[in-house]
Amino acid sequence: NMATGEAAAMLSRRVEEFARKSATAVRLEDLYRWGQGDLSTRLKMARFLHHEVAIRNAQLCKELQLLPFGLAATSGVSAVIDDFSSYVATLAGSPEPRTLEDDSAFTLLLQSIHEDQMDVVRRLGEGVWEVRTALGETGYEAIRSEVDRIL
């Protein structure tokens, strides 16, 4: 397992750059409406999401690195950070959607990211199990409510 400082050092410059940007607050109903719009509206939304999803995934990487009680250094949490970092790299390396074909390809990319993220809960649970095992039952019980609140 890597120390938290090593995990922080391993984030790419690209992830660090996206993590420093501000995420844009958007209502779910607006996203839905834009997704149902004409091609021009869909393409604007796709370009917005292309950038926004990378920012939010990068920020999640940074937040996960700050988890207390050794959680950030577990292999479970490290795997989630690696996955989110790869999503940032994939999005940053893909072209912004400008055509109907681009929009279709981008939609498939978002679907693959979404499907891949289904494993996040299990991996975070593995991280909790690693900490629980390291601390022992009594030690873990002392922090359990805090871990439950955080995750």
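The rules behind these values
Residues take numbers from 1 onward in each chain, read along the sequence in its written order. Predicted model: local features are reported for residues with pLDDT of at least 70 only, side-chain atom pairs are reported and counted for 80 or more only, and whole-chain, interface and lining totals are derived from all residues. Just so you know, side-chain values use all the structure's heavy atoms and leave hydrogens and water out. Under the scheme used here, helices are H or I runs from DSSP no shorter than 4 residues and strands are E runs no shorter than 2 residues, and both carry numbers assigned from the N terminus. Partly exposed residues are those whose accessible area sits between 20% and 50% of the maximum for their type, while under 20% is buried and over 50% is exposed, using a 1.4 Å probe and protein chains only. Here, two residues are considered to be in contact whenever any of their heavy atoms come within 4.5 Å of each other. Note on areas: Shrake-Rupley with a 1.4 Å probe; residue coverage comes only from the protein chains shown. When charges are counted, neither His nor the chain ends are considered; positive counts come from Lys and Arg and negative counts from Asp and Glu. To locate a charge, take atom NZ for lysine, CZ for arginine, CG for aspartate or CD for glutamate. Pairing of aromatic side chains requires ring centres within 6.5 Å, counting the rings of Phe and Tyr and the six-membered ring of Trp. Pairs whose planes differ by under 30 degrees are stacked, by over 60 edge-to-face, and all others tilted. By convention in these notes, a salt bridge is any Lys or Arg side-chain nitrogen within 4 Å of a carboxyl oxygen on Asp or Glu.

**Regarding the overall build of the protein**
Okay, so step 1: Check the secondary structure of the protein and you find seven helices and zero strands.
Okay, so step 2: Counting helices and strands in the order they occur from the N terminus, the protein gives α-α-α-α-α-α-α.
Okay, so step 3: Once the C-alpha set of the protein is aligned to its principal axes, its extents read approximately 60 × 30 × 25 Å.
Okay, so step 4: Here the protein, with 151 residues, has 36% of them falling under the buried criterion.
Okay, so step 5: By sequence separation, contacts in the protein at least 24 residues apart represent 73% of the contacts at least 6 residues apart.
Okay, so step 6: Approximately 8900 Å² of the protein is accessible, and the part contributed by carbon and sulfur atoms is 56%.
Okay, so step 7: Taking the 17 positively charged and 23 negatively charged side chains of the protein as two groups, their mean positions are separated by 6 Å.

**Here's the deal with the packing of aromatic side chains**
Okay, so step 1: Under the defined criterion, the tally for this structure stands at two aromatic pairs.
Okay, so step 2: On the numbers, 6.3 Å between centres and 80° between planes, the contact of W34 with F48 is edge-to-face. Here F48 lies in helix α4 (residues 39-65) and W34 lies in helix α3 (residues 28-35), a separation of 14 residues in the sequence.
Okay, so step 3: With 5.8 Å between their ring centres and 55° between their planes, F84 and Y87 make a pair best called tilted. One end of the pair is F84 and the other is Y87, both in helix α5 (residues 75-93) and three residues apart, which spans about a single turn.

**Points about the pattern of salt bridges**
Okay, so step 1: In this structure the tally under the stated criterion is 15 salt bridges.
Okay, so step 2: Here R27 and E29 are joined by a salt bridge, their closest N and O atoms 3.4 Å apart.
Okay, so step 3: Overall, E29 belongs to the exposed group, its relative accessible area being 54%.
Okay, so step 4: Ionic pairing is found between E96 and R98, a salt bridge with its closest N-O pair at 2.7 Å.
Okay, so step 5: E96 gets classed as partly exposed once you look at its relative accessible area, which sits at 32%.
Okay, so step 6: With relative accessibility at 51%, the residue R98 sits in the exposed group.
Okay, so step 7: A cluster of three or more residues bridged by salt bridges with shared partners is formed by D83, D119, R122, R123 and E126.

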